[in-house]
Every structure is written in structure tokens, then in C-alpha cells.
Number of protein chains: 2
Amino acid sequence: MTQATHAEFTKLLQARYGNQSITVEAVNETIATMMNHRSVRAYTDQPIPSDALELMMAAAQSASTSSNLQTWSVVAVTDPESKERLSQFAGNQAWIRNCPVFLVWLADLARMESLGQKRNLPTEGLNYVEMLMMATIDSALAAQNAAIAAESLGLGVVYIGGIRNQPEEVAKELGLPPKIFATFGMCLGYPEPTKLSGIRPRLAQSAILHHEKYDPTAFESAANAYNVVMDEFFKAHSMKPQGEWDAHSLKRVAGPESLTGRDRLATALKNLGFELK
Amino acid sequence: MTQATHAEFTKLLQARYGNQSITVEAVNETIATMMNHRSVRAYTDQPIPSDALELMMAAAQSASTSSNLQTWSVVAVTDPESKERLSQFAGNQAWIRNCPVFLVWLADLARMESLGQKRNLPTEGLNYVEMLMMATIDSALAAQNAAIAAESLGLGVVYIGGIRNQPEEVAKELGLPPKIFATFGMCLGYPEPTKLSGIRPRLAQSAILHHEKYDPTAFESAANAYNVVMDEFFKAHSMKPQGEWDAHSLKRVAGPESLTGRDRLATALKNLGFELK
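Each value, and the rule that gives it
- Residues numbered from 1 in each chain as written.
- Chains lettered and ligands numbered in written order.
- Predicted model: local features only at pLDDT ≥ 70, side-chain atom pairs only at ≥ 80, totals over all residues.
- Heavy atoms only, no water.
- UniProt positions renumbered as here; feature names shortened; annotations may be inferred.
- Helix = DSSP H or I, 4+ residues; strand = E, 2+ residues; numbered from the N terminus.
- Axes fitted to C-alpha atoms, helices over the stretch in contact; angles between N-to-C directions.
- Parallel < 35°, antiparallel > 145°, perpendicular 65-115°, else oblique.
- Left-handed = near helix turned anticlockwise from the far one by under 90°.
- Contact = heavy atoms within 4.5 Å.
- Nonpolar A, V, L, I, M, F, W, Y, C, P; charged D, E, K, R; others polar.
- Buried < 20%, exposed > 50% of the residue type's maximum accessible area, 1.4 Å probe, protein only.
- 1 Å grid on protein atoms, 1.4 Å probe; cavity = no way out; pocket = protein on both sides within 12 Å on 5 of 7 lines; lining within 4 Å.
- Points joined across faces, edges and corners; volume = space filled by probe spheres on them.
- Buried area = accessible area lost by both parts, 1.4 Å probe.
- Salt bridge = Lys/Arg side-chain N within 4 Å of Asp/Glu carboxyl O.
- Polar contact = N/O pair within 3.5 Å; in protein donor to acceptor, adjacent residues only side chain to side chain.
- Pairing = 2+ DSSP bridges.
- Phe/Tyr/Trp six-rings, centres within 6.5 Å; stacked < 30°, edge-to-face > 60°.
- Lys NZ or Arg CZ within 6 Å of the ring centre and 35° of its normal.

The name that an unreviewed UniProt entry assigns to chain A is Nitroreductase, with the source organism given as Jezberella montanilacus. UniProt annotates chain A under Sequence similarities (unreviewed entry) with the comment "Belongs to the flavin oxidoreductase frp family."

This is the structure we're talking about:
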């Protein structure tokens with residue numbers, strides 16, 4: 001890495017950790033690509049080349065998958081009317097309508113079930129919480145590789161947790177068989193450069209990385225410092241947060257009414273064929 | 001990318017998709033790093049530099065996190081006795097004992113709960129399946145960035161789903177407060193070059209990438225071709241698979257007894273403070 005790139009990388013680290021700094025010697029383009037991530041919610045009109053999507057999938061499929069079961073799939077939606085409906089199901093997020101390609105990532109146990117039917121072999125294990133957990137993790141590992149591949153190609157993404165607001169409606173829209181659950185969405189497009197957001201700072205590493213045992217006190221000092229860092233970030237980017245980070249975050253988890261419909265996720269999963277044993 | 005690297009990349013694509021081929025023009029080092037992934041279960045004695053772990057965490061924290069709640073943590077275990085016990089809890093996997101650093105990735109809702117107690121604000125939302133799902137996904141996105149960062153630095157990893165075999169024992173070992181769940185482990189170390197496994201082929205892209213709607217028939221033709229590809233892979237690497245890929249995979253999901261203890265995951269989660277509402 002050149003000296004100029006090294007300086008750029010140090011800036012990325014400072015942006016991610018606010019006024020804290022980490023000294024690192026071994027840096028490279030791959031890590032810099034990841035450090036440079038920001039959610040992209042505004043796109044140019046440039047279409048996505050088909051080889052970009054192929055490369056994203058090749059990266060996604062290169063991620064680890066439990067026991068090589070490959071319990072995930074993805075639906076690429078470009079139809080404007082379908083994107084419009086999916087946007088409504090996910091809390092009316094405009095970027096779902098406006099992105100050229102909307103990817104819906106799936107925890108997919110239907111494929112294993114269809115194999116069992118074909119071979120006339122039992123698949124009772126699919127009815128357990130564990131298999132939903134496995135498929136959800138598989139889908140996330142794959143999606144994150146796809147996201148990094150996209151960003152390395154100059155594309156931008158934003159994850160859409162709101163796709164879990166109305167799981168049955170999403171399943172109907174995409175024609176999902178039973179035992180498939182849309183874990184999250186991902187808007188994909190070339191970033192509109194004038195609307196690029198800043199790199200969002202995170203908690204200090206001391207709050208999230210524990211050594212040998214989990215240390216519950218590690219978070220306390222970091223939380224206060226982080227409130228200050230986030231306050232500075234919001235001011236620098238002329239954003240209007242709803243109070244300090246911790247107060248704002250607590251609103252998000254206050255009760256069932258703050259979960260934007262997802263308080264009924266267990267019921268929705270059962271309706272989609274997951275027995276949650 | 002140089003022509004030589006382009007040729008190397010084409011090989012990676014062929015290894016991942018067996019006898020199929022994809023033509024791509026836009027390739028780069030970041031995507032090549034991801035395509036080159038294989039699980040690493042044998043390591044040299046070389047210790048992990050502390051800046052490598054810092055960079056992995058910086059990459060991990062650069063991943064998207066739902067509503068910026070950052071509901072994940074990680075414990076880095078190096079103590080031989082602790083690794084030995086964790087290995088036993090996870091199906092006696094030798095590489096957990098033998099790797100220099102064993103990372104245990106956590107879905108962490110305890111941090112939000114402690115914030116609520118400090119601020120005297122409600123956190124009833126944390127008791128819902130949705131928040132466990134969110135934290136699990138957060139942990140997976142972070143872990144995958146860390147894995148890619150590690151591989152870009154010449155390190156190797158293998159994910160350990162077996163950490164979910166005995167969740168309460170793992171929680172005791174790591175001193176986890178309630179509302180924290182170890183989603184998976186990750187062995188980390190420099191790969192022993194003589195024991196590097198081959199790149200494992202995956203299903204054809206046509207089986208996992210759907211356009212506009214989910215196509216249940218897409219898998220059928222791909223499955224037969226994949227059995228052949230995997231058979232060739234096993235033969236080329238002198239491995240002894242337990243039958244064809246689909247028969248082998250079906251054994252893994254046949255029933256509760258094939259889930260290596262994880263059929264009681266719902267109960268374990270409740271014991272760990274997740275109400276699963």
C-alpha cells in the first residue's frame with residue numbers, strides 16, 4: 001500500500017472510531033474497502049452490469065455455509081411495481097423503489113425439504129429453531145460477501161431490516177414456498193455522489209472485543225464517550241438525532257410497539273412453515 | 001488487475017462452480033480474496049499479531065448493524081484450558097484446541113438491557129424473537145467482515161456452528177450475562193500450507209439467484225449436476241463422503257437426533273434469558 005493510501009486508511013479508522021485512534025501497519029485494499037462502508041440510499045441512473053451481479057453471487061457463494069447445506073437464496077427484484085409493493089411492506093422506504101436492483105435475501109429450508117420429498121427421506125430436523133438459525137446465519141454471511149464485492153466494484157448498498165415487518169406479504173409477493181423466510185433486503189445501485197453519507201462512527205473496540213471472558217464493565221466507559229462521538233458526527237453532518245445515541249437506541253427496543261410490526265415475528269414464522277421446535 | 005491475476009481468478013471461479021464457467025471482466029483483489037476462501041483447520045505456530053486482530057475488529061465494526069444498535073460482541077479465547085473445554089462443548093473439534101485464537105461471536109442484547117437499567121427506561125422489546133434475529137444477523141455480518149480481513153492478511157479461519165451444541169455451558173465458560181447467545185465460533189490462525197483444503201464447489205448460481213420471483217424448479221437440474229461436481233471434488237481430494245451430496249445433506253436434517261444437541265436450542269435460549277416472544 002502506498003504512503004498516500006496509508007494516510008487515507010488512517011482517516012478511515014479515525015472516522016470509524018471518532019476521536020480515538022488505532023495504529024496499524026498491515027493494511028490492504030480489501031480492508032480499506034470494508035472500512036469505507038457507508039449505507040447508500042441514493043443512486044444514479046446507471047444500470048447494474050450483469051457481470052457485477054454474477055461476481056457478487058460468486059463472492060456470496062464463497063462464504064462459509066454450515067455443513068455445506070447452502071441454506072440460503074436471493075431474489076433480485078427490478079420490476080418497479082414489485083419494488084413499490086415491497087417498499088410498502090418494509091415501512092415505505094423510498095430507496096427500495098428508487099434503487100435499480102433490490103435483493104431480498106432468504107433463509108431457505110425449502111430446498112432441503114424438496115430434496116427429502118424427492119428421495120423419500122425424512123427432514124424433521126428442518127422444523128427446529130436451530131435450522132432457522134443456521135439458515136439465517138448462512139444468508140447473512142453470503143449477503144455480506146456480496147455487499148463487499150459490490151462496494152469493491154464501486155456500487156453501494158443499504159441493508160433493509162424492514163423486510164421483516166410483514167413477512168407473509170413479502171413471501172406472497174416473491175412466490176416463496178413454505179420454509180423460506182426473507183431475513184433482510186439490500187438495495188443496490190451506483191451511489192449518487194452528492195448524497196453520500198459520512199462514515200458512521202462505532203463503539204470503541206474495548207466495548208465489543210473481550211479477552212478470555214466477557215467483561216460487562218467494558219461497555220460503561222465506552223458508552224459515554226460514544227454519545228459524545230455520535231453527537232459530533234450528527235452536528236458535522238447536519239443531522240437531527242432524537243437525543244443521545246443511548247436514549248435514541250433505547251426507544252428502538254422499548255416495547256412491542258417500537259418493533260414496527262416485528263413483535264409478531266414468531267407468529268409470522270409459524271405461518272411461513274417454521275415450526276420453531 | 002494483471003493478466004496473470006485474471007487467469008488465476010478464472011481458476012478460482014472454475015474451482016467454485018466445478019465444470020461450469022462464468023465470464024467476468026471486472027475483477028479485483030477484494031473479490032479474489034473472497035473467492036479464494038476455504039475453511040482452515042490446521043495452523044502453524046505463528047502467533048496472531050495484535051494489529052491483525054485490531055484490523056479484523058475495525059472491519060467487523062464497519063459492517064452494517066441494524067439501527068446502529070451494534071447488538072454483537074466477540075470473545076477472543078487463547079487460554080489452552082478454556083479452548084479445551086470449548087472444544088468439548090462443540091463436539092470435540094481438535095482445531096478449537098489447536099488454533100492460536102478462538103473467537104466466539106455473540107448476539108448481545110445485554111448491552112442494551114444494561115443501558116435501560118442505567119437510564120431507568122423500558123427494554124421490553126428485547127424479549128421478542130425479532131431482536132434475537134437482529135442480533136444474530138448483526139453478529140454474522142460483523143464476523144464475515146472479520147473473516148475476510150483475516151484472509152486478506154494471510155490468516156485462515158473456520159466457522160464453528162458446534163458452539164450452539166451446548167449454549168448454557170458455553171455461556172458459563174465465557175461468563176456471559178443473560179440475553180447473550182454465542183451464535184458461532186471461529187478458529188483463527190496462519191494456515192499450515194501442507195494441510196490446505198481445496199476450494200469447495202457450490203451449487204450453480206441458477207439455483208440460488210432468482211429473478212423477480214422465487215423459482216422452485218431452478219434447483220432440480222442444478223442438484224443433479226452438483227452431485228457430480230461434488231463427487232469429482234471428493235475423488236480429487238481423496239476424501240470419503242457419506243454418499244452423494246444430497247443424501248449426505250439429508251442425513252444432517254433427518255430429525256432431532258441429527259442436530260448434535262441443537263434440537264433443544266429453543267429451551268437453551270430461554271435459559272439464557274431470551275423469552276422468544
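And the narrative resumes.
Student: Explain the UniProt feature "domain: Nitroreductase" (unreviewed entry) in chain A to me, and be specific about the residues and the numbers.
Tutor: Mapped onto this numbering, the UniProt entry gives "domain: Nitroreductase" (unreviewed entry) at residues 35-190 of chain A. Between the C-alpha atoms that bound residues 35-190 of chain A there is a distance of 18 Å. The span itself is 46% helix and 19% strand.

Student: Got a sec to walk through the packing of helix H3 (residues 50-62) of chain B against helix H7 (residues 129-152) of chain B? Specific residues and values, please.
Tutor: All names here are of chain B. With their axes 7 Å apart at the nearest point, H3 and H7 run at an angle of 140° to one another. The orientation of H3 relative to H7 falls into the category oblique. For the pair H3 and H7, the sense of crossing is right-handed. Of the residues in H7, those in contact with Leu-55, Met-56, Ala-59, Ala-60 and Ser-62 of H3 are Ala-142, Asn-145, Ala-146, Ala-149 and Ala-150. In terms of residue class, the contact of H3 with H7 is made up of eight nonpolar, two polar and no charged.

Student: Could you give an account of the packing of helix H10 (residues 218-236) of chain A against helix H6 (residues 110-119) of chain B, naming the residues involved and the relevant values?
Tutor: Interhelical geometry of H10(A) versus H6(B) gives an angle of 75° and a closest axis separation of 12 Å. Our classification of the angle between H10(A) and H6(B) gives roughly perpendicular. For the pair H10(A) and H6(B), contact is made by Phe219(A), Asn224(A) and Asn227(A) and by Arg111(B), Ser114(B), Leu115(B), Lys118(B) and Arg119(B), respectively. Residue composition of the contact of H10(A) with H6(B), by class: two nonpolar, three polar and three charged.

Student: Explain the pairing of strand E3 (residues 156-160) of chain B to me, using residue names and the numbers behind them.
Tutor: Among the five residues of E3(B), five are classified as buried, and the element is accordingly described as predominantly covered. With burial as the criterion, each face of E3(B) is covered, one bearing Gly156(B), Val158(B) and Ile160(B) and the other bearing Val157(B) and Tyr159(B).

Student: Run through empty space enclosed by the protein, naming residues and quoting values.
Tutor: Residue and element names in this part refer to chain B. Scanning the entire structure with this criterion turns up one cavity of 30 Å³ or more. Taken as a whole, the largest cavity holds about 40 Å³ of empty space. For the lining of the largest cavity, the secondary-structure elements that each account for two or more residues are H7 and E3. Considering each element in turn, the lining of the largest cavity owes the most residues, four residues, to H7. Residue composition of the lining of the largest cavity, grouped by class: five nonpolar, five polar and one charged.

Student: Quick rundown of unusual backbone geometry? Include the residues and the values.
Tutor: For Ser67(A), which is not glycine, the phi torsion reads 50° and is therefore positive. Note that Ser67(A) resides in the loop between helix H3 (50-62) and strand E1 (72-77).

Student: Outline the interface of chain B and chain A, supporting the account with residue identities and numerical values.
Tutor: Each side of the interface is counted separately: chain B has 124 residues, and chain A has 124 residues. Interface area, chain B with chain A, both sides summed: about 10,400 Å², of which 61% is carbon and sulfur. Note that Glu244(A) is salt-bridged to Arg119(B), the shortest N-O span being 2.7 Å. There are 63 residue pairs in polar contact (both at pLDDT 80 or more) connecting chain B and chain A. Of the residues forming the side of chain B that touches chain A, the biggest block, 15 residues, is contributed by H7(B). For the side of chain B that touches chain A, a count of residues per class yields 68 nonpolar, 32 polar and 24 charged. Sheet topology note: the strand E5 (residues 209-211) of chain A/strand E1 (residues 72-77) of chain B ladder contains three bridges and is parallel.

Student: Can you tell me about the sheet that holds strand E2 (residues 101-108) of chain A, naming the residues and giving the values?
Tutor: With mixed pairing, five strands are arranged side by side in an open sheet as E3(A)-E4(A)-E2(A)-E1(A)-E5(B). The strands lining the two open edges of the sheet, one partner per strand, are strand E3 (156-160) of chain A together with strand E5 (209-211) of chain B. Here the average twist between neighbouring strands, direction ignored, is 25°.

Student: Report on the packing of aromatic side chains, specifying residues and quantitative values.
Tutor: Tallying each qualifying case throughout the model produces ten aromatic pairs over all chains. Relative to Trp105(A), the ring of Trp72(A) has its centre 5.7 Å away and its plane inclined at 35°; by these criteria the two rings are tilted. Of this pair, Trp72(A) sits in strand E1 while Trp105(A) sits in strand E2, placing them 33 residues apart in sequence. Accessibility classification places Trp72(A) together with Trp105(A) in one group, the buried group. Relative to Trp245(A), the ring of Phe219(A) has its centre 6.5 Å away and its plane inclined at 80°; by these criteria the two rings are edge-to-face. Remark: Trp245(A) occurs in helix H11 (residues 245-252) and Phe219(A) occurs in helix H10; sequence separation between them is 26 residues. By way of ring pairs, the aromatic residues Phe219(A), Tyr226(A) and Trp245(A) are connected into one cluster. Across from the ring centre of Phe219(B), 5.7 Å away, lies the NZ or CZ of Arg111(A), which sits over that ring.

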